[in-house]
Amino acid sequence: MVPASTNNPPFTVWAISLKPGQEGQLLYRKTYDAPPGNVTISIGRVSPADRVFTIWCKEDRTHYGYNLDTGNYLWGPTEPEFYLSYLETWSIIYNGKLYTHGTKGIVDCYNIQNGEKLWSYAAIDP
């Protein structure tokens, strides 16, 4: 997978089997259209436990989810995150939830299976 792309080229995701006896077998290769506009997309977090991988669109400040086993689109885009999210956003997937945080000073939490925003917490700087 290409780590990031700009200027709207389509992006391709592929998976190779690690199953004993099938190592190296191509499981899928899928090409998707990038979101409209001059945007940067990159691979987000991957959750083997939830069988989901994510894509982050920096300029739109949105996330997308895809099935790890088939490469099929699951959800997204999420609603745009706070405007400072384009500077730096880190994410983790834990217990079926995608958590994002960074320069924006806000933690956002999404359901990893459907992209539904569950909650936000804004840190207050005293």
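Computed from a prediction, not measured in an experiment: that's the story for all the values here. (Residues numbered from 1 in each chain as written. Predicted model: local features only at pLDDT ≥ 70, side-chain atom pairs only at ≥ 80, totals over all residues. Heavy atoms only, no water.)

A.B. asks: How do you make sense of the sheet that holds strand β8 (residues 89–94) when you look at a structure like this?
C.D. replies: Strand pairing in a sheet relies on backbone hydrogen bonds, with the paired strands running either antiparallel or parallel. Spatially, 4 strands are ordered β8-β9-β10-β11 in an open sheet, and the strand pairing comes out antiparallel. Bordering the open sheet on either side are β8 and β11 (117–122), each of which pairs with just one other strand. Strand-to-strand twist in this sheet, taken as the mean axis angle between neighbours without regard to direction, amounts to 15°. (Pairing = 2+ DSSP bridges. Helix = DSSP H or I, 4+ residues; strand = E, 2+ residues; numbered from the N terminus. Axes fitted to C-alpha atoms, helices over the stretch in contact; angles between N-to-C directions.)

A.B. asks: Just to check I follow, could you spell out the side chain of aspartate 50 for this structure?
C.D. replies: For aspartate 50, the location among the structural elements is in the loop between β4 (41–47) and β5 (52–57). An unpaired buried charge is present at aspartate 50: no salt bridge exists, and lysine 97, the closest side chain of opposite charge, is 8.8 Å distant. Once you skip the residues sitting within four places of it in the chain, aspartate 50 turns out to touch Ile93, Gly96, Ile112 and Gln113. (Buried < 20%, exposed > 50% of the residue type's maximum accessible area, 1.4 Å probe, protein only. Lys, Arg positive; Asp, Glu negative; His and termini not counted. Salt bridge = Lys/Arg side-chain N within 4 Å of Asp/Glu carboxyl O. Contact = heavy atoms within 4.5 Å.)

A.B. asks: Before we go on, may I ask you to explain the pairing of strand β9 (residues 97–102) in this structure?
C.D. replies: Successive residues of a regular strand alternate their side chains across the two faces of the sheet. Pairing analysis gives 6 bridges linking β8 to β9, with the strands arranged antiparallel. The residue of β9 that forms the bridge with isoleucine 93 is leucine 98. In this antiparallel pair of consecutive strands, β8 and β9, the connection spans 2 residues, and asparagine 95 shows a positive phi of 55°. Examined bridge by bridge, β9 and strand β10 (residues 106–111) share 4 bridges and lie antiparallel to one another. Looking across to β10, one finds that leucine 98 is bridged to tyrosine 110. Taking the residues that link successive antiparallel strands as the turn, the β9-β10 hairpin has 3 residues, and the phi of glycine 105 there is positive, at about 75°.

A.B. asks: When you look at the packing of aromatic side chains in this model, what are you seeing that I'm missing?
C.D. replies: How two aromatic rings sit relative to each other is given by the distance of their centres and the angle of their planes. In total, this model carries 6 aromatic pairs according to the counting rule given. Here the aromatic rings of phenylalanine 82 and tyrosine 83 are separated by 4.7 Å at their centres, their planes lie at 50°, and the arrangement is tilted. With a centroid separation of 6.0 Å and 55° between ring planes, the pair formed by tyrosine 99 and tryptophan 119 is classed as tilted. Of this pair, tyrosine 99 sits in strand β9 while tryptophan 119 is found in strand β11, placing the two residues 20 residues apart along the sequence. These aromatic residues form a ring-pair network of at least three members: Phe11, Tyr32, Phe53, Tyr66 and Tyr73. (Phe/Tyr/Trp six-rings, centres within 6.5 Å; stacked < 30°, edge-to-face > 60°.)

The quantities given are spatial measurements derived from coordinates; they are silent on function.
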